[in-house]
Amino acid sequence: MQLNEKQAFFSILTVIAETVNKKISPVLMKTYWGCLKDYSFAEVQQALGELLKNPDVKKHPYFPAPNDVVALIQGDVGDKSLMAWTEVKRAISEIGHYDSVIFSDELIHAVIRDMGGWIHLCQCTEKELTFAQRDFERRYQMYCRKQPKILPRQLIGRIAHENAVTGHEKYIPKAITFSIHTKEVQKC
């Protein structure tokens, strides 16, 4: 959020506080600002609006914590891991194990590396992928909480692997950048 949006943000926060009969102190407002200022005003406004529309708030009134707002903006780790798996599953079917791939989320690289690598994952049967999904989501959630120190920049496909092993480094194709969000696949 921009500094010129601070008053509008405080106004929305005050409305939410009033809906649950809570007084909000200046210190608490500054705390919320500090936690949420890195998000756009539109994102924060939409998340706070969703909280106001939630029917459970009327039954169990509570004042949302900053992490409640962040969860509405970003999704929780369960949501993130499911979206990441959706991206991986789509890349498996659209790219396959021959090409190297770069995901926009580098945590995906670390998880797949730990699960045996891109080539191995792409060669799993549909039944094996069902079990792999659970393993992937569990590992992804763990890495969301504690990010590994080293994140691979890409996942190596069969062509790049075999050319590297046989000494044909100049014939290693560039990795494909894949993102479900942009709905496009492009070679780097």
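Residues numbered from 1 in each chain as written. Predicted model: local features only at pLDDT ≥ 70, side-chain atom pairs only at ≥ 80, totals over all residues. Heavy atoms only, no water.

*Asks:* Would you explain helix α5 (residues 66-74) in this entry?
*Replies:* Every buried residue belonging to α5 is among Pro 66, Val 69 and Val 70, and all of these are buried. For α5, the buried positions fall inside an angular range of 100° around the axis, keeping them on one side. Looking at the buried residues of α5, the elements they touch are α2 (26-36) and α3 (41-53). Downstream of α5 by a residue or two, Gly 75 has a phi angle that is positive, lying close to 90°. (Buried < 20%, exposed > 50% of the residue type's maximum accessible area, 1.4 Å probe, protein only. Helix = DSSP H or I, 4+ residues; strand = E, 2+ residues; numbered from the N terminus. Arc of directions from axis to C-beta. Contact = heavy atoms within 4.5 Å.)

*Asks:* Just to check I follow, could you spell out the environment of Gln 123 for this structure?
*Replies:* Structurally, Gln 123 is set in the loop between α8 (118-122) and α9 (126-145). Separated by 26 residues in the primary sequence, Gln 123 and His 97 have C-alpha atoms spaced 7.2 Å apart. Setting aside residues up to four positions removed in sequence, Gln 123 forms contacts with His 97, Glu 128 and Arg 158.

*Asks:* Looking at this structure, how should I read the packing of aromatic side chains?
*Replies:* Two numbers describe a pair of aromatic rings. These are the distance of the centres and the angle of the planes. Under the defined criterion, the tally for this structure stands at seven aromatic pairs. For the pair Phe 136 and Tyr 140, a centre-to-centre distance of 5.9 Å together with 20° between the ring planes defines the contact as stacked. Residue Phe 136 and its partner Tyr 140 are both found in helix α9; the two are separated by four residues, about one turn of the helix. An aromatic cluster of at least three residues, connected via ring pairs, comprises Phe 9, Phe 10 and Trp 33. (Phe/Tyr/Trp six-rings, centres within 6.5 Å; stacked < 30°, edge-to-face > 60°.)

*Asks:* How should I be thinking about the side chain of His 109 in this particular structure?
*Replies:* By the element assignment, His 109 lies in helix α7 (residues 106-114). Here His 109 is in contact with Val 101, Ile 102, Phe 103, Pro 152, Arg 153, Gln 154 and Leu 155, once residues within four sequence places are set aside.

*Asks:* I keep staring at the packing of helix α6 (residues 77-94) against α9 and nothing clicks. Help me out?
*Replies:* Where α6 contacts α9, the axes come no closer than 9 Å and their chain directions differ by 135°. Taken together, the axes of α6 and α9 lie oblique to each other. Here α6 and α9 pass one another in a crossing that is right-handed. Residues Val 77, Gly 78, Lys 80, Ser 81, Leu 82, Ala 84, Trp 85, Val 88, Lys 89 and Ile 92 of α6 touch α9, and the partners they reach there are Glu 126, Leu 129, Ala 132, Gln 133, Phe 136, Glu 137, Tyr 140, Gln 141, Cys 144 and Arg 145. (Axes fitted to C-alpha atoms, helices over the stretch in contact; angles between N-to-C directions. Parallel < 35°, antiparallel > 145°, perpendicular 65-115°, else oblique. Left-handed = near helix turned anticlockwise from the far one by under 90°.)

*Asks:* For this particular structure, what's the right way to read the side chain of Ser 100?
*Replies:* Along the chain, Ser 100 falls in the loop between α6 and β1 (101-103). Judged by its relative accessible area of 4%, Ser 100 is buried. Engagement of the side chain of Ser 100 in a polar contact is seen with the backbone nitrogen of Gly 157, the distance being 2.9 Å. Filtering out sequence-adjacent residues up to four positions away, Ser 100 remains in contact with Gln 154, Leu 155, Ile 156, Gly 157, Ala 160, Ala 175 and Ile 176. (Polar contact = N/O pair within 3.5 Å; in protein donor to acceptor, adjacent residues only side chain to side chain.)

*Asks:* Any chance you could explain the environment of Gly 75 here in plain terms?
*Replies:* Here Gly 75 is to be found in the loop between α5 and α6. Overall, Gly 75 belongs to the buried group, its relative accessible area being 15%. Remark: the alpha-carbon pair of Gly 75 and Met 115, spanning 40 residues in sequence, is separated by 24 Å.

*Asks:* Where do I start with the nonpolar core in this structure?
*Replies:* Core analysis: the largest hydrophobic core is formed by 27 residues, its most contacted members being Val 88, Phe 103, Ile 108, Ile 112, Trp 118, Leu 121 and Phe 136. Those elements giving two or more residues to this core turn out to be α6, β1, α7, α8, α9 and β2 (176-179). Sequence-distant contacts of Phe 136, that is, excluding residues within four places in its chain, are made with Ser 81, Ala 84, Trp 85, Val 88, Ile 108, Val 111, Ile 112 and Met 115. Within the second largest apolar cluster, 22 residues are counted, among which are Ile 16, Trp 33, Ala 47 and Val 70. (Core = buried A, V, L, I, M, F, W, Y, C linked by side-chain atoms within 4.5 Å.)

*Asks:* Looking at this structure, how should I read unusual backbone geometry?
*Replies:* Trans is the common state for peptide bonds, and a negative phi is the common state for residues other than glycine. One non-glycine residue, Asn 21, lies in the positive phi region at around 55°. Along the chain, Asn 21 falls in the loop between α1 (6-19) and α2. We classify Asn 21 as exposed; its relative accessible area is 75%.

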